[in-house]
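Take a look at the letters that make up each chain.
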Amino acid sequence: LVVLDLSCNRRGQDTGNYEKPGLTLAKIVHSLTKLHSLDISGTNLAGPSSFDPEEELAYFRKALEIDKEE
């Protein structure tokens, strides 16, 4: 997959809100290694959100098999 369009146009569609937008975006970017284009306009993936750095770091540690002390 090289192009992914998750955009929403707020008229007649869901608002594109994700429960954990930072973690969701991190998972998308990490999992789709050949991704060249990602459209997240109209979603809460692009803007200010409740950012939980510990949760995202834990995800990347697990995904990359990094020991917590590294």
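Everything below is about the structure shown above.
Residues numbered from 1 in each chain as written. Predicted model: local features only at pLDDT ≥ 70, side-chain atom pairs only at ≥ 80, totals over all residues. Heavy atoms only, no water.

## Considerations on the side chain of Thr 43
Position of Thr 43 among the secondary structure elements: in the loop between β2 (37-39) and α2 (53-63). With a relative accessible area of 8%, Thr 43 lands in the buried category. A polar contact is formed between the side chain of Thr 43 and the backbone oxygen of Ile 40, at a distance of 2.6 Å. At 3.1 Å, the side chain of Thr 43 forms a polar contact with the backbone nitrogen of Leu 45. (Helix = DSSP H or I, 4+ residues; strand = E, 2+ residues; numbered from the N terminus. Buried < 20%, exposed > 50% of the residue type's maximum accessible area, 1.4 Å probe, protein only. Polar contact = N/O pair within 3.5 Å; in protein donor to acceptor, adjacent residues only side chain to side chain.)

## Structural notes on the environment of Tyr 18
By secondary structure assignment, the location of Tyr 18 is in the loop between β1 (3-5) and α1 (21-31). Residue class for Tyr 18 comes out partly exposed when judged on its relative accessible area of 29%. Counting along the chain gives 26 residues from Tyr 18 to Asn 44, while the straight-line C-alpha distance between them is 6.6 Å. Setting aside its immediate chain neighbours within four residues, Tyr 18 contacts Leu 6, Thr 24, Thr 43, Asn 44 and Leu 45. (Contact = heavy atoms within 4.5 Å.)

## A short note on the environment of His 36
If you trace the backbone, His 36 turns up in the loop between α1 and β2. Along the backbone, His 36 and Val 3 are 33 residues apart, and their C-alpha atoms lie at a distance of 6.1 Å.

So, to be careful, I would describe these as geometric facts and stop short of saying anything about function.
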